[in-house]
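# Structural characterization, general
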Amino acid sequence: MDTLRAWTRELGFAWRETRLRSCVLVVPAVVGFFAPLALLKNRSIAPLFASRLVSSAGVGFGQLALAWGVMGLGYGAAELSVVLACKAAPAVLMVGVGVAGDRFRRHHVLVSAEFLASAAWLGLGACFLTDKASLPLLCGLAVLSGVATAMFLPTIRGIVADLLTGQSRRGGNALVSQTESAGLLIGLASSGVVVSTVGAGWAATARGLLCVVSALLLGLLKTLRHRHSGGITGDLRVGWREFSSCRWVWTMALQFTVLIVAAASFIEVIGPLYMAQGRGGAWGWGIVTACEALAALVGALVGARLRVDRPILVATALPATAAIPMLFVSSGCSWTIIALAMAVPGLCQAAYYVIWTTALQEHFSAEVLVRVNSWSIVASYLLAPVALLTIGPAVEAVGPASAAFVTGISVLAATALALLSVYSARLNRPASASQPEPAAS
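Residues numbered from 1 in each chain as written. Predicted model: local features only at pLDDT ≥ 70, side-chain atom pairs only at ≥ 80, totals over all residues. Heavy atoms only, no water.

## A look at the side chain of Glu-180
By the element assignment, Glu-180 lies in helix α8 (residues 168-197). Under the relative-accessibility criterion, Glu-180 is labelled buried at 18%. Apart from residues lying up to four places away in sequence, Glu-180 is in contact with Arg-52 and Ser-56. (Helix = DSSP H or I, 4+ residues; strand = E, 2+ residues; numbered from the N terminus. Buried < 20%, exposed > 50% of the residue type's maximum accessible area, 1.4 Å probe, protein only. Contact = heavy atoms within 4.5 Å.)

Okay, structure coming up:
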């Protein structure tokens with residue numbers, strides 16, 4: 001009996017010691033995982049996160065409002081493609097705006113973009129509420145919204161480098177991605193109900209008002225104005241030289257181009273038309289896209305803490321997951337299964353954003369960062385109008401399922417070629433190369 005009691009005491013001691021060791025290992029890991037959230041207390045950058053939350057919620061409202069608003073006016077897939085193409089067409093201005101983002105205070109550029117977007121979406125809301133709008137008017141307002149996007153996208157990727165330094169930039173990029181995902185989740189989940197109950201006009205109006213709130217929050221930031229001695233043409237050349245000198249940068253930019261074109265076609269046209277065929281409608285599509293945003297909340301934190309030996313190779317492989325929901329749509333699955341499938345690219349794309357953005361911020365100086373970002377995304381947004389113009393008639397001809405299959409295969413093929421290029425560049429790199437792979441891990 002004494003021996004049994006001794007064994008019991010020893011087992012108790014061992015169990016308590018095991019629990020203590022587990023706490024010593026697990027608690028720091030959990031605290032470290034959520035460490036980027038501490039930046040929310042930093043008054044110099046907290047308004048940026050609040051702005052991204054509010055503005056992204058507006059994007060969620062606008063995403064459903066535009067598609068269902070145009071269709072609610074009696075237009076079909078072809079007219080919807082024209083409006084969406086007009087919204088994407090101003091991407092041609094993106095490189096020029098990249099120069100502005102490096103020359104002027106970056107938060108001023110962002111504020112201007114938000115006010116411009118507000119005017120466009122309030123106009124679209126008025127059109128949908130009155131049920132009277134010509135196609136040229138819708139296209140004009142869509143162009144105005146596209147100009148705002150061309151101003152906003154390159155600059156938002158560079159502003160974290162102005163507000164944070166060193167290792168804190170990774171956490172900042174993760175929080176930007178996370179607040180964008182949280183806002184998009186709120187907007188998409190709410191807009192599905194709003195569009196289904198009170199109409200697309202109110203959803204578009206909400207988007208315009210949220211842009212105003214975002215602009216006011218961005219006005220609280222303080223960023224530096226970078227010095228430039230050359231002209232605009234010289235700035236463009238410098239940005240191109242920096243961008244084209246890195247094989248991994250332009251390779252991933254080409255891959256990103258295919259991804260954006262495929263994703264825009266899928267999210268803006270294929271998905272809504274697929275759901276409109278008695279498969280859940282606006283409400284169901286809002287839930288599907290919200291699942292992607294929900295998963296991205298976790299993906300951003302994963303990207304902030306991810307430690308890998310070859311971060312660029314990992315980042316190059318992640319976009320392949322975008323093909324998963326496309327292939328599910330092509331097989332005719334229900335919207336509930338597609339919603340679950342959307343969580344996978346949501347998780348991976350958020351991690352991709354953190355790795356990619358941090359790598360650029362570490363590799364390039366702050367003076368050229370927005371121009372490099374402009375060159376890296378301009379091709380994707382230039383081709384998006386062409387894709388959106390053709391995808392509507394194509395979907396009418398072959399159906400949403402077949403169109404989704406083509407977009408899914410294109411994403412997989414682009415990822416395979418990008419991986420081959422990045423990996424071969426790594427193998428052929430001289431042992432004494434002075435530019436190692438960015439420490440994006």
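## So, α8
Between its first and last C-alpha atoms α8 spans 43 Å; for 30 residues at 1.5 Å apiece the expected length is 44 Å, and the two agree. Along α8, the largest kink reaches about 25° and is centred on Ser-191. For α8, a buried count of 21 out of 30 residues is recorded, marking the element as mostly surrounded by other parts of the structure. Count one or two residues on from α8 and you reach Gly-199, which has phi positive near 110°. (Expected span 1.5 Å × (residues − 1). Bend = angle between axes of the 7 residues up to and from the residue.)

## A closer look at the packing of helix α15 (residues 335-363) against helix α16 (residues 369-398)
Running from N to C, α15 and α16 point in directions that differ by 135°, and their axes come no closer than 10 Å. Between α15 and α16, the angle falls in the class oblique. As for the relative orientation of α15 and α16, their crossing is right-handed in sense. Mapping the contact onto sequence places Trp-356, Leu-360 and Gln-361 in α15 and Leu-369, Val-372, Asn-373 and Ser-376 in α16. (Axes fitted to C-alpha atoms, helices over the stretch in contact; angles between N-to-C directions. Parallel < 35°, antiparallel > 145°, perpendicular 65-115°, else oblique. Left-handed = near helix turned anticlockwise from the far one by under 90°.)

Everything listed here is a matter of geometry and, on its own, says nothing about what the molecule does.
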